[in-house]
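Overview (structure and organization)
The lines below spell out each chain.
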Amino acid sequence: MTIITSQSSPAIVVDGTSFALNGNNVSYRFHVDTDNAAGDLILDHFGGPLTEDPVARIARNGGGWSTQAHLRREFPDLGRGDFRAPAVHIKHAKGFAICDFKYQSHTIVKGKPDLPNLPSTFGSDDEVSTLIVHLWDSCSSVAADLSYSIFPEHDAIVRSVSITNKGSEAISVEKLASLSVDFPHDDYDMLQLRGEWARECTRGRRSVDYGLQGFGSSAGFSSHYHNPFLSLVSSSTTESHGDAWGFSLVYTGSFNIEVEQSPQGLTRVLVGMNPSQLSCPLGPGESLTSPECVSVFSSSGVGNMSRKFHKLYRRNLIKSKFVNEPRPALLNSWEGVYFDVNEATIDRLAQASANLGVKLFVLDDGWFGDKHPRINDKAGLGDWVVNPKRFPNSLKPVAENVCKLKVAGSTDDTRLKFGLWIEPEMVNARSELYEQHPDWILHAGDYPRSETRQQLVLNVALPEVQEFIIAAVTRILEDAPISYVKWDHNRGTHESPSPANHHAYILGIYRVFDVLTSRFPDILWEGCASGGGRFDPGILQYFPQVWTSDGTDPLDRISIQFGTSLVYPPSTMGAHISVSPNEITGRSTPLQFRAHVAMMGGSFGLELDPDVMPEDDRAQIPGLIALAEKINPIVIRGDMWRLNLPETSNYPSALFISEDGNQAVLFAFQIRTTNVHNYPFLRLQGLDPSAKYKLDVDGERIVSGATLMNGGIQFRFGSDYDSKVVLLEKV
Ligand code: DGJ
């Protein structure tokens, strides 16, 4: 049966019990085993396009004593002789932990069904089709459905798994990987995004070694330490050459990624929720559906893999109406005045913003709390009422005044917009909320409730807590003209009442996000978790942008933003200019360098008090905002080509090309100046070789795409932290 057609072949082809998923440049093929492990699903191919199975399905030298170790299993279970890490672990009522899932039937559907209560990629019947393979364990009466959706245009295969207890006794799901793939070789590298607060998403590459290796999060959210993303690449793969597979988990909770190189020369990849925080009880008739994992294949390097993710996520994941819209240049109050906010400060900062050409003013932390005012990070979280001492007339007139301010330099009477910071999942012990509902806070019996940044976490798994958050945020948003919300989340979970509560929390917060973003679709929502602690595809379903990092030092930011772009579209990154020397690193950098780095993010802004800027710098801001606004549509909707990586080059650079290919913007940076040394030629990529482009490098000129890509541009840089931004226009 055939559902939709990719460029060369039907997207789903079933021949008896052999299955093929075909994208424009990918094929994924598996079959039901009839010999070794009858009924198991065995993978035949995941890579470049083909229309028949590879010449040998399973060939091995010698016997070995394991019956399954040489098999490429689609849904590896536990307890029956496959001694690699399993994708599924179920504890049955009688205590044993064995599964024996066999093929029973399959279903093909047009389009892609939603996942129950979870964010997921979506698409029309023309864009995606889905194969669901039904497996059955007759010894335990447990069913497993493996769902495979293929987006042919993006070479993306999306998988999730659903377990249903059809027996008469309760079971517990201890592990359920969304994706499991057995690769046929043992010569791969793995790329991951790792870091810490203020240096998230730094790209790391290592060879896959013998045995089990991996990473994950147990913080209760995706975390600063590791992102729920893995790329497996051939050891010779580069940015622009070679095979690259990307795996991205659409989930905001704790996760687990395992890569296992086996003695038999295979490499297994498992991606899913963190099993140490699962133990999900399923009564008779109940189901657990895993989040989905998006896999993308590129045969032309890591850069192409990233561009496929970017397009897929912009078109088929992010639901906000702002997804493809240029974003307003903003000023956020945080690094300028921190908690020191009141009516007078806001009036002053907003006026200064409007004078510089800023379009959106954002009031960050410090505006709320009555009995326990939020004047520092010790009190007030949970009490979502305006601080009456700081804002005696409430927030409404303050916001209305902001919205009356005319933005300098605008030709069409543009007025400043008002945005607000909130952190609704959190509570300080010093708050009225804690006094009234101590039982709403995450806790486990009599264990002390551990504090981080003096704050605790509400148990969002509880329906009454979800309702409280929805009502509190609705009241704030209905009370004042608010165009933008920054939703913060500044700590990991603590003392969970049960392992299963972790996943229930995430389902709860997804419900809250869904209700609020559907109720307020005209608000531009931004995610944040002490910067990029929750930069993941689950968040992006609801919020089209995320504050990428509290690290605003532009040198660190190049690595953070290039790393983040491995999977997430540049349109989703918040990037602001802050003061120099940087408040975290102490490093001094020129304003232009800070601004050019920030322009590579979809949401460009300022994170400082303009009134304490050096006069020369302040004078440059209107021009830099005008440049950012010109470039922004290309960054939001275009394709990103990483030309030189910050890990390996003193001259990191990136080219963004508009969707129609008619415009492009080149960012080129010099980190350190080198004495008596020629500057390198920067060769562009992704242009039309036969087209002519107009650009201004030491004077306007018209050059062919071939010249720019094969010859390149040699910039004359100045001192340390120099940067160039060049606009290209097809003529
Ligand atoms: C952490 C965020 O990342 C900052 O931008 C700021 O909003 C603070 N929280 C406020 O407490």
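Cut-offs used in this document
Residues numbered from 1 in each chain as written. Predicted model: local features only at pLDDT ≥ 70, side-chain atom pairs only at ≥ 80, totals over all residues. Heavy atoms only, no water. Axes fitted to C-alpha atoms, helices over the stretch in contact; angles between N-to-C directions. Helix = DSSP H or I, 4+ residues; strand = E, 2+ residues; numbered from the N terminus. Parallel < 35°, antiparallel > 145°, perpendicular 65-115°, else oblique. Left-handed = near helix turned anticlockwise from the far one by under 90°. Contact = heavy atoms within 4.5 Å. Nonpolar A, V, L, I, M, F, W, Y, C, P; charged D, E, K, R; others polar. Buried < 20%, exposed > 50% of the residue type's maximum accessible area, 1.4 Å probe, protein only. Near = heavy atom within 4 Å. Polar contact = N/O pair within 3.5 Å; in protein donor to acceptor, adjacent residues only side chain to side chain. Areas by Shrake-Rupley, 256 points an atom, 1.4 Å probe, with all protein chains shown as cover. Pairing = 2+ DSSP bridges. UniProt positions renumbered as here; feature names shortened; annotations may be inferred. Phe/Tyr/Trp six-rings, centres within 6.5 Å; stacked < 30°, edge-to-face > 60°. Lys NZ or Arg CZ within 6 Å of the ring centre and 35° of its normal. Core = buried A, V, L, I, M, F, W, Y, C linked by side-chain atoms within 4.5 Å. Domains from an automatic or database assignment. Salt bridge = Lys/Arg side-chain N within 4 Å of Asp/Glu carboxyl O. Lys, Arg positive; Asp, Glu negative; His and termini not counted.

Axis separation between helix H9 (residues 554-564) and helix H10 (residues 591-599) bottoms out at 9 Å; the angle between their running directions is 15 degrees. In terms of axis orientation, H9 runs roughly parallel to H10. The way H9 lies across H10 gives a crossing that is left-handed. Within the contact between the two elements, H9 uses Pro554, Leu555, Arg557, Ile558 and Gln561 and H10 uses Phe593, Arg594 and Val597. Residues belonging to the contact of H9 with H10 are distributed by class as follows: five nonpolar, one polar and two charged.

Our next topic: H10. Where burial is concerned, most of H10 is hidden: eight out of the nine residues are buried. Listed as buried for H10 are Leu591, Phe593, Arg594, Ala595, His596, Val597, Ala598 and Met599. Buried-residue contacts for H10 involve H9, strand S29 (573-577), strand S30 (603-606), helix H11 (615-637), strand S33 (663-670) and strand S38 (722-730).

With respect to spatial proximity, 13 residues lie near the ligand, and among them Asp364, Asp365, Lys486, Asp488 and Asp550 are the closest. Interatomic distance of 2.7 Å between a side-chain N/O atom of Asp364 and an oxygen atom of the ligand. In the model, a nitrogen atom of the ligand is placed 2.7 Å from a nitrogen or oxygen of the Asp488 side chain. For the ligand, whose accessible area on its own is 290 Å², the fraction buried by protein is 98%. Split by residue class, the shell around the ligand holds four nonpolar, three polar and six charged.

For the rest of this paragraph, the subject is the sheet that holds strand S22 (residues 360-363). The strand order around the closed barrel formed by eight strands is S21-S22-S23-S26-S27-S28-S29-S30, and the pairing between neighbours is parallel. Between one strand and the next, the sheet's axes are offset by a mean angle of 30 degrees, whatever the strand orientation. For S22 and strand S23 (residues 417-422), the ladder comprises four bridges, and the chain directions are parallel. What sits directly across from Leu363, in S23, is Leu420. In this fold helix H4 (residues 395-404) packs onto S22 and S23, with an angle of close to 140 degrees to the strand it touches most, S23.

As a further point, take unusual backbone geometry. For the bond from Ser580 to Pro581, the omega torsion is -5 degrees, close enough to zero to count as cis. By the element assignment, Pro581 lies in the loop between S29 and H10. Of note, the phi angle at Ser223 is positive, near 90 degrees, even though the residue is not glycine. Looking at the element boundaries, Ser223 is found in the loop between strand S13 (211-216) and strand S14 (226-234). Take Ser223: its relative accessible area is 6%, and that puts it in the buried class.

Per the UniProt record, "domain: Glycosyl hydrolase family 36 C-terminal" (unreviewed entry) is found at residues 652-728. Helix makes up 9% of residues 652-728 and strand makes up 44%, while its end C-alpha atoms are separated by 19 Å.

We now examine the packing of aromatic side chains. Following the criterion strictly, the structure yields 39 aromatic pairs and no others. Ring geometry for Phe46 and Phe183: centres 6.2 Å apart, planes at 35 degrees, overall tilted. With Phe46 in strand S4 (residues 41-47) and Phe183 in strand S10 (residues 171-183), this pair connects stretches of sequence that are 137 residues apart. Its relative accessible area of 1% is what places Phe183 among the buried residues. Pairwise contacts between aromatic rings join Phe19, Tyr28, Phe30, Phe46, Tyr103, Tyr148, Phe183, Tyr188, Trp245, Phe247 and Phe297 into one cluster. Taking NZ or CZ as reference, Arg307 lies 3.4 Å from the ring centre of Trp641, over its face. The residue whose ring lies beneath Arg557 is Trp547, and the NZ or CZ to ring-centre distance is 4.7 Å.

For the rest of this paragraph, the subject is the nonpolar core. Formed by 187 residues in total, the largest nonpolar core has its most connected members in Phe75, Ile163, Phe247, Trp367 and Trp487. Looking at which domains feed residues into this core, each of domain 1 (2-49 + 71-316) and domain 2 (656-730) gives three or more. Setting aside residues no more than four positions away along its own chain, Trp367 makes contact with Val341, Trp384, Val385, Val386, Asn387, Phe391, Leu395, Leu420, Trp421, Ile422 and Ile476. Membership of the second largest hydrophobic core comes to 23 residues, among which are Leu687, Val703, Phe717 and Val726.

With that settled, consider the pattern of salt bridges. On inspection of all chains with the given rule, the structure shows 40 salt bridges. Here Glu153 makes a salt bridge to Arg315, at a shortest N to O gap of 3.0 Å. Here the residue Glu153 occupies a position in the loop between strand S8 (142-151) and strand S9 (156-165), and Arg315 occupies one in helix H1 (residues 301-316), the gap between them amounting to 162 residues. Residue Arg315 is classed as partly exposed on the basis of its relative accessible area of 35%. When salt bridges that share partners are traced, they join Asp40, Arg73, Asp77, Arg80, Asp82, Arg84, Asp100, Lys102, Asp182 and Arg268 into one network.

Attention now goes to the environment of Ser353. With respect to the helices and strands, Ser353 occurs in helix H3 (residues 343-356). C-alpha separation for the pair Ser353 and Asp125, spaced 228 residues apart in sequence, amounts to 46 Å. The residues touching Ser353, leaving out its near neighbours within four places in the chain, are Leu331, Val358, Phe361 and Leu416.

Attention now goes to the side chain of Arg491. Relative to the helices and strands, Arg491 resides in the loop between strand S26 (484-487) and helix H7 (500-519). Despite being buried, Arg491 has no salt bridge partner; Glu495 is the closest side chain of opposite charge, sitting 5.8 Å away. Not counting residues within four places of it along the chain, the set of residues in contact with Arg491 comprises Phe221, Met426, Ser450, Glu451, Thr452, Gln455, Leu456 and Val457.

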